[in-house]
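Listed here are the chains, written in short residue letters.
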Amino acid sequence: MTEGVSIMKDSQPKTIYLKDYQVPDYLVDATDLHFELEPKATLVKSRLNIRRNPQAGAGLPPLVLDGVELELLSVSLDGVLLSTSDYQVLPEGLSIPVEKPEFLLEIRNRINPEENTSLEGLYLSNGMYCTQCEAEGFRKITFYPDRPDVMSKFTTTIVAPMDHPVLLSNGNEVERGRYEDGRQFVTWEDPFAKPAYLFALVGGDLEHVEDSFTTASGRKVKLQIFTEAKNIGKCDHAMRSLKNAMRWDEETYGKEYDLDIFMIVAVDHFNMGAMENKGLNIFNSACVLASPETATDSAFQRIESIVGHEYFHNWSGNRVTCRDWFQLSLKEGFTVFRDAEFSADLNSRAVKRIEDVSLLRTTQFAEDAGPMAHPIRPDSYIEISNFYTLTIYEKGAEVVRMIHTLLGAEGFRKGSDLYFQQHDGCAVTCEDFVKAMEDANKVELKQFRNWYSQAGTPILDVTDSFNETDGTYSLTIRQSCPSSPGQEEKLPFHLPIRIGLLGADGAELVLNEQGDTETVLQLTEDEQSFEFSGLAEKPLPSLLRGFSAPVKIRYNYSNEQLQFLMRKDKDTFNRWDASQRLALNALCELQVAFRKGEELQVQPSLISAFKEVLEDVDLDLALVAEILQLPSEQFIAEESSSIDAEAIIVAREFVKKVIAGELFDEFRKRYLELNTTKPYSPNALDIAQRRLKNTCLSYICITETEEALDIAQVQFESASNMTDSAAALAVIINHAPEDRAGGLIEQFYERWKTDTQVVELWLGQQSCSPKRGTLENIRALMDHPAFEMKNPNKVRSVIGGFANRNFKQFHKSDGSGFEFVADQVLALDKLNPQISARLVIPITRWKKYSGSLGEKMKVALQRVADSGDLSKDLFEVVSKSLI
């Protein structure tokens, strides 16, 4: 018996390298867990059937288990209680000498869920016990080989007082009962072997909605969504989304669900969006709860996407998981691609692609160019939580999409079928995925693997020429990739470049003897030329259609040519992209004029292009809404070689005001046409209509006239759904005077103050506002009763909203925004290191800023570094950013 031995984290961060991977010394065939839930002292008993890994070599090395922030009570080996001299307590675990290749290990330890503010392992959220074990949270529950390549069959018994009537874990319920002391117990058994990161436990006073799904083979699966009683009416959309996802995966990938029950639990305190634990998905409440009165269209779409994503993980992540955390994109990139296709099939494919690429080009490209740049399969890390990034997820999905483009839909399905067939029940690597694609299609993707090992965003410089004599058109493409940390030189990537050629009348020109008007060029060299013959005129190229590769493309389009593409290109993505490029050209010219002190002017061609799109009644409403959005400040900054924040802000605000003023009547007319009172539905057509209507409203209110603000207030007061209500409130916050805005802001809060998700929206709208989101008001929001520093959603809404989405106030010339973020990062690091490490990102790119702003950002970052005693999460990001 070793009462009271505490295991705390090692304070010295160590770098983990992919090249050092070794198979586990021991495997765990069966894991039997017993929990006695108490807020401050939960007792955990584990029984592990362990054997020597035959792939690990000869001998019997010590068994090393991971464990942090645990109170060790006892260790027994084959029924014999060990003394403290029989094992070694490590800074982050245990080392136990082993004398035979198979044995039973039993451990008892205590944990404190109530004090677990990191939200990793077992913790409390509004009195509910819940877990988050990916990536390395299970070691905060008990001692275990906490790595994804140790897969075990879990049996879990949960004991709790009767005031926590719902007790859930992975798999199927096999036993339930009550003890004489009044406590209840439930036992769950998962028939599928899984790594510890997929373990889940929930205990609380919850209600649920229930439905069922009949699989293609005729098996009936029970579906349940659990939440607090007050939210029980907000589960219907998530349930529909789940059933749609199950059907889509059967139809698209031929994959059925494999357990008798699928459960989702909504949790208010959660570091991420959701977690795909086998059979028991745990969701951030914001990503699962919705009703027309309380959730916007974007929330409905986000919920559909995330429910699909977590369900799809059942095969791409659970049945086939990753060997080690360097392979994280194996499951995440593949599954993001799957959920993107799911959402595209159910909604507007064009708009979904635009939304995904906007995120990629604004945020992931910045990540690729920043101090934390890494390949989709990193070479090293200090804290794996720092690598749950857009590079791993979104760029990883783009890499999978390129394979799909290269092989075609049928070839990709053959490859995925072979991948699942060969590796079901295994922990594998990115190499295994690519190899399955090769083998199924009898192709070679050797050079394509550079995408897995090289960081950075490739740049394509495109030139062209036309021989009038023989009608030959030539495209020359040169690829390059900027250096990134640890990678000065890059090998050429294998790139699929989808293109079309347009004639003077906008017609698609025939590109080959097969009569194709669109083709995919395969770029594999530093520079390649592609020729098209038999053309009667020099065409205008439509390049990188559908954004067929995650690259930056440079071709010297004139503004007239961009307007032509906006009108004529059949590729909807490129029509939108042409509008963004046209606007970006104007914004760049205005930045130069501002720096020179010259008068600012907007070219009439930009206004006429916007007017033409706005009045085109035949154009898809969703596409119109997207085209009318100016490039964001963040995208303009990413496109800049050196960021001049003030010039970006001045130029963008000027263009918005000019467009709003010149086209006020047109915006008002279109708004009134779209402002119907039909019942709410989150279908694609109605979402597009509301999106365009509220885009028009935002332009109308930029004028800040009484007429404009009256229109907004009428919508705010009469709205029958949260999409219209929130859109009206947003423009009121941004454009109404304080005596008008203040009362409406308070009115909104008083109406919705008991709804957690709506309050998070309310906080975020104010923190993101360039007008109202001043540092003084941000601090006032943090003092508001609705704010909670221990709740990641509230932190993301207020502090994250200010740092990531309030470009104007965050970049105040005095640097106060940077110092504020540094203060909050340090405070959060003591509570929740994952959140602090993400929150510091906006001040890590100081090198790209011009003038004194970059230096002020660096000073704030250096202060964080010099504070001492940083978590591994924060230390890694800050130290790499100051190199």
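Now for a quick tour of the structure. (Residues numbered from 1 in each chain as written. Predicted model: local features only at pLDDT ≥ 70, side-chain atom pairs only at ≥ 80, totals over all residues. Heavy atoms only, no water.)

### Some words on helix α18 (residues 738–752)
Here is the rule we go by: Segments assigned H or I by DSSP are reported as helices when at least four residues long, segments assigned E as strands when at least two residues long, and all are numbered from the N terminus. A helix's residues, less one, multiplied by 1.5 Å, set its expected span. Three labels apply to residues, based on accessible area from a 1.4 Å probe with only protein chains included: buried if under 20% of the type maximum, exposed if over 50%, partly exposed otherwise in between. Every residue pair with non-hydrogen atoms within 4.5 Å of one another is taken to be in contact.
Compared with the 21 Å implied by 1.5 Å per residue over 15 residues, the 21 Å span of α18 between its first and last C-alpha is a close match. What α18 keeps buried is the set Arg-740, Ala-741, Gly-742, Leu-744, Ile-745, Phe-748, Tyr-749 and Trp-752. Close packing links the buried residues of α18 with α16 (706–718), α17 (722–735) and α19 (756–767).

### A closer look at the packing of aromatic side chains
This is how it is decided: Here the aromatic set is Phe, Tyr and Trp, taking the six-membered ring for Trp, and pairing holds for ring centres within 6.5 Å; pairs whose planes are under 30 degrees apart are stacked, those over 60 apart are edge-to-face, and all others are tilted. Consider the ring centre and the ring normal. A charge sits over the ring if Lys NZ or Arg CZ is within 6 Å of that centre and within 35 degrees of that normal.
The final tally for this structure, using the stated rule, is 40 aromatic pairs. Between Phe-138 and Tyr-144, the aromatic rings sit 5.0 Å apart at their centres with planes inclined by 70 degrees, giving edge-to-face as the arrangement. This pair shows no difference in class: Phe-138 is buried, exactly as Tyr-144 is. Plain terms: the ring middles of Trp-315 and Phe-420 are 5.7 Å apart, the flat faces sit at 70 degrees to each other, and that makes the pair edge-to-face. One end of the pair, Trp-315, is in the loop between α2 (297–312) and β23 (320–322); the other, Phe-420, is in helix α5 (residues 390–423), and 105 residues separate them in sequence. Comparing Trp-315 with Phe-420, the two get one shared label, buried. Cation over ring: Arg-52 sits above Tyr-26, and NZ or CZ is 5.5 Å from the ring centre. The lysine or arginine in question, Lys-278, covers the ring of Phe-192, its NZ or CZ lying 4.5 Å from the ring centre.

### Notes on the sheet that holds strand β28 (residues 495–502)
Using the following cut-off: Two strands qualify as a pair provided that DSSP identifies no fewer than 2 bridges between them. In this description, a line fitted to the C-alpha atoms serves as the axis of each element, helices being fitted only across the stretch in contact, and the angle between N-to-C directions of two axes falls anywhere from 0 to 180 degrees.
With respect to topology, 3 strands assemble into an open sheet ordered β29-β28-β31, the strand pairing being antiparallel. The open sheet terminates on both sides in strands that have one partner only, identified here as β29 (519–523) and β31 (540–542). Direction aside, neighbouring strands of the sheet carry axes that sit 40 degrees apart on average. Of the strand pairs in this sheet, β28 and β31 are connected by 3 bridges, and their pairing is antiparallel. Bridged to Leu-501 within β31 is Pro-541.

### Notes on the sheet that holds strand β18 (residues 207–214)
Reading across the sheet, the 5 strands line up as β18-β19-β20-β22-β21 and stay open at both edges, with mixed pairing between neighbours. Edge positions in the sheet fall to β18 and β21 (274–275), since each of these pairs with one other strand and no more. Pairing geometry for strand β20 (residues 261–267) and strand β22 (residues 280–284), over 5 bridges, is parallel. From the neighbouring strand, Met-263 faces β22, where its bridge partner is Leu-280. Sheet strands in contact with helix α1 (residues 236–253) are β18, β19 (220–227) and β20, and its direction is about 25 degrees off that of β18. Along the sheet, α2 contacts β20, β21 and β22; its crossing angle with β22, the most-contacted strand, is approximately 150 degrees.

### Describing the pairing of strand β17 (residues 201–204)
Side-chain alternation along β17 places Leu-201 and Gly-203 on one buried face and Val-202 and Gly-204 on a second face that is also buried. Bridge count between strand β12 (residues 128–132) and β17: 2 bridges; the pairing is antiparallel. Bridge pairing in β17 links Cys-130 to Val-202. As defined by bridge partners, strand β14 (residues 166–169) adjoins β17 across 4 bridges and the pair is classed as antiparallel.

### A closer look at the pattern of salt bridges
Counted only if it meets this: Salt bridge, as used here: a side-chain nitrogen of Lys or Arg that lies within 4 Å of a carboxyl oxygen of Asp or Glu.
Scanning the model with the defined rule gives 72 salt bridges in all. One salt bridge in this structure joins Arg-670 and Glu-673, with 3.7 Å as the shortest N-O distance. One end of the pair, Arg-670, and the other, Glu-673, are both in helix α14 (residues 664–674), 3 residues apart, so they sit about a helical turn from each other. Under the relative-accessibility criterion, Arg-670 is labelled buried at 8%. The exposure class assigned to Glu-673 is partly exposed, which follows from its relative accessible area of 42%. Here Asp-724 makes a salt bridge to Lys-693, at a shortest N to O gap of 2.8 Å. Here Lys-693 lies in helix α15 (residues 684–702) and Asp-724 lies in helix α17, a separation of 31 residues in the sequence. Residue Asp-724 is classed as buried on the basis of its relative accessible area of 8%. Since its relative accessible area comes to 2%, Lys-693 is described here as buried. Three or more residues joined by partner-sharing salt bridges are found here, namely Arg-498, Glu-508, Glu-518, Arg-545 and Asp-569.

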